[in-house]
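Fold and contact review
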Amino acid sequence: MEAVQRIVIENCAIATVDAQDTEYASGYLVLAGNRIESLGAGRAPEGLENVVRRIDATGHLATPGLVNTHHHFYQWITRGLATDHNLFDWLVALYPTWARIDEPMVHAAARGSLAMMARGGVTTTMDHHYVFPRGSGDLSGAVIRAARDMGVRFTLARGSMDRSEKDGGLPPDFAVETLDGALAATEETVRQHHDTSFDAMTQVAVAPCSPFSVSTELMRQGARLARSLGVRLHTHGSETVEEEKFCHELFGMGPTDYFESTGWLGEDVWMAHCVHMNDSDIAAFARTRTGVAHCPSSNARLAAGIARVPDLLAAGAPVGLGVDGTASNESGELHTELRNALLVNRLGPHREAALTARQVLRLGTYGGAQVLGRAAEIGSLEPGKLADLVLWRMDTLAHASIADPVAALVLGAAAPVTVSFVNGRQIVEDDRLRTADEDEIARTTRAQARRLAAIAARD
């Protein structure tokens, strides 16, 4: 049996984000294979065997890798469009273009989305892909392949839509699936790609798109399918006032009551946005342990509103952070969401008491792990957990005069990522990807964006 190889990291500040929020002003971490073996204050223990690398992390902050809980990778090639629209108008403007995507476009867009997040400290992400135009190829496989090649831990939320324009929905008719087709394709994706192991790099969730693009029967049967397969459930919820009005008009109840009536509340469920929620809605999420993916930049870009994150946390609902699709958050990185989550929520009724820097770091790490159902494996720096962690450089002009490294990370400019590990494998070094050619990705995504625009313009 081959001896486990160790990597020793020393002389860095550490924010563990464990249950006690343990921090060390100067400490060490020992990685053994794909696990965190030990960590603590001061220097690493003497006499460690099979040490293949030592990292002097002076001037750095070590944190768990960031966990992204909501995204739409394909939108990387439609950034910068419909920049002054609310959600419904934005969807109407962009669906005709999105309906023309194909496998090469989706693969290129996934690589662009993944690269931007990975070089910015994301070690686990997800993609809610729900647009499957007829004849477009293996889109789920394209996304999974891109994540595998990038070396990022990944959940594919296999989305679906069966309510098109002819049914009063927004997507073009040829861009949606039938009820039976969506369920069958989703089940096949789970059976083919979902990994249940502790250190799984790829998992799959069942993810009908939203109440206004999905039939009630697809919601109900999707929930039953997910639970029969033992996987998680994801959708959009309570994003805008228009959505709330739509639910009342069509279903005779608000979004949260509608979700409950279709089996869509529970500890195996997480929803994106959850902006327009009353006290009863928040209590229902807390009671059922339904998770929330908070996407502050996208919510602001689409003028959706300010989610009640402090109230959700106080009630006990799991909350993580999400980039959301890059057609409504063009930066495409999660580090931005740390800062924006703190600042945007302080514009709400709780003002300066809304969120602290450490609460926001927890949202972006352990909270995200909870929402994805992986808090036992990732989201904090603890012995036995997977070696997903980031070394942020904090001694440059941008941060050196800020004494508190966590405040510097959250409130300061985007901190450089010197090292990022996923599953014990280094994927970033000195702010550049080690697993992909960023310049080649930029060229490819630009070419595919132009190709999509040309095809959409002909239709």
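Residues numbered from 1 in each chain as written. Predicted model: local features only at pLDDT ≥ 70, side-chain atom pairs only at ≥ 80, totals over all residues. Heavy atoms only, no water.

**What about the nonpolar core?**
In terms of nonpolar packing, the biggest core is built from 110 residues, with W90 and W98 touching the most fellow members. No other element matches helix α2 (residues 103–118), which puts eight residues into this core. With residues up to four places along the chain from it excluded, the contact list for W98 reads Y74, Q75, T78, W90, L91, Y130, V131, P133 and A327. If you look at the next biggest cluster of nonpolar residues, it comprises 17 residues, including I9, I36, A62 and L381. (Core = buried A, V, L, I, M, F, W, Y, C linked by side-chain atoms within 4.5 Å. Buried < 20%, exposed > 50% of the residue type's maximum accessible area, 1.4 Å probe, protein only. Helix = DSSP H or I, 4+ residues; strand = E, 2+ residues; numbered from the N terminus. Contact = heavy atoms within 4.5 Å.)

**So, the side chain of T288**
Here T288 lies in helix α8 (residues 279–288). Its relative accessible area of 18% is what places T288 among the buried residues. For T288, the contacting residues outside a window of four places in its chain are L265, G266 and E267.

**A look at the packing of helix α11 (residues 335–345) against helix α12 (residues 357–371)**
α12 packs onto α11 with a crossing angle of 130° between their chain directions and a minimal axis gap of 9 Å. When the interaxial angle is binned, α11 and α12 end up oblique. For the element pair α11 and α12, the recorded crossing hand is right-handed. Contact residues: L338, A341 and L342 in α11; A357, V360, L361 and G364 in α12. Among the residues forming the contact of α11 with α12, the class breakdown is six nonpolar, one polar and no charged. (Axes fitted to C-alpha atoms, helices over the stretch in contact; angles between N-to-C directions. Parallel < 35°, antiparallel > 145°, perpendicular 65-115°, else oblique. Left-handed = near helix turned anticlockwise from the far one by under 90°. Nonpolar A, V, L, I, M, F, W, Y, C, P; charged D, E, K, R; others polar.)

**A few points about the pairing of strand β2 (residues 23–32)**
The pairing of strand β1 (residues 6–15) with β2 spans eight bridges and is classified as antiparallel. Bridge pairing links C12 to G27 in β2. The pairing of β2 with strand β3 (residues 35–41) spans six bridges and is classified as antiparallel. The partner of A32 across the bridge, within β3, is R35. Between β2 and β3, which follow one another and run antiparallel, lie two residues, and G33 among them has a positive phi close to 65°. (Pairing = 2+ DSSP bridges.)

**Some remarks on the side chain of R374**
In this fold, R374 is placed in the loop between α12 and β14 (389–393). Residues contacting R374, with those up to four places away along its chain left out, are R153, S197, F198, D199, A200, Q203, A369 and L386.

**What to know about the packing of aromatic side chains**
Overall, the coordinates contain ten aromatic pairs when judged by the stated rule. Plain terms: the ring middles of F212 and F246 are 6.2 Å apart, the flat faces sit at 80° to each other, and that makes the pair edge-to-face. Taken together, the positions of F212 in the loop between β9 (202–208) and α5 (216–229) and F246 in helix α6 (residues 241–251) put the pair 34 residues apart, joining distant regions of the chain. Across this residue pair, the class does not change: F212 and F246 are buried. Aromatic side chains Y258 and F259 sit 6.2 Å apart centroid to centroid with 45° between the ring planes, which places their arrangement in the tilted category. Residue classification places Y258 among the buried positions, given a relative accessible area of 2%. The rings of F88, F212, F246, F251, Y258 and F259 are connected pair by pair, giving a single aromatic cluster. Taking the ring centre of W76 as reference, the NZ or CZ of R79 above it sits at 3.7 Å. (Phe/Tyr/Trp six-rings, centres within 6.5 Å; stacked < 30°, edge-to-face > 60°. Lys NZ or Arg CZ within 6 Å of the ring centre and 35° of its normal.)

**Examining the pairing of β1**
Counted residue by residue, β1 has nine buried out of ten residues, so it is predominantly covered. Pairing geometry for β1 and strand β4 (residues 51–56), over five bridges, is parallel. Bridging across to β4, V8 finds its partner in R54.

**As for the packing of helix α4 (residues 179–193) against α5**
At a minimum axis distance of 11 Å, the contact between α4 and α5 shows a crossing angle of 20°. Viewed along their axes, α4 and α5 adopt a mutual orientation that is roughly parallel. When the axes of α4 and α5 are compared, the crossing they make is right-handed. Here L179, A182, L183, T186, E187, V190 and R191 of α4 come into contact with α5, specifically with E217, L218, Q221, G222, L225 and L229.

**What about the UniProt feature "domain: Amidohydrolase-related" (unreviewed entry) in the protein chain?**
UniProt marks residues 62–402 with the feature "domain: Amidohydrolase-related" (unreviewed entry), using the numbering shown here. The span residues 62–402 is 40% helix and 15% strand, and its two end C-alpha atoms sit 16 Å from each other. (UniProt positions renumbered as here; feature names shortened; annotations may be inferred.)

**Overview of unusual backbone geometry**
Even without glycine at this site, R289 takes up a positive phi of about 60°. Tracing the chain through its elements places R289 in the loop between α8 and β12 (291–294). Its identity is not glycine, yet R351 carries a phi of approximately 50°, on the positive side. Its place among the elements puts R351 in the loop between α11 and α12.

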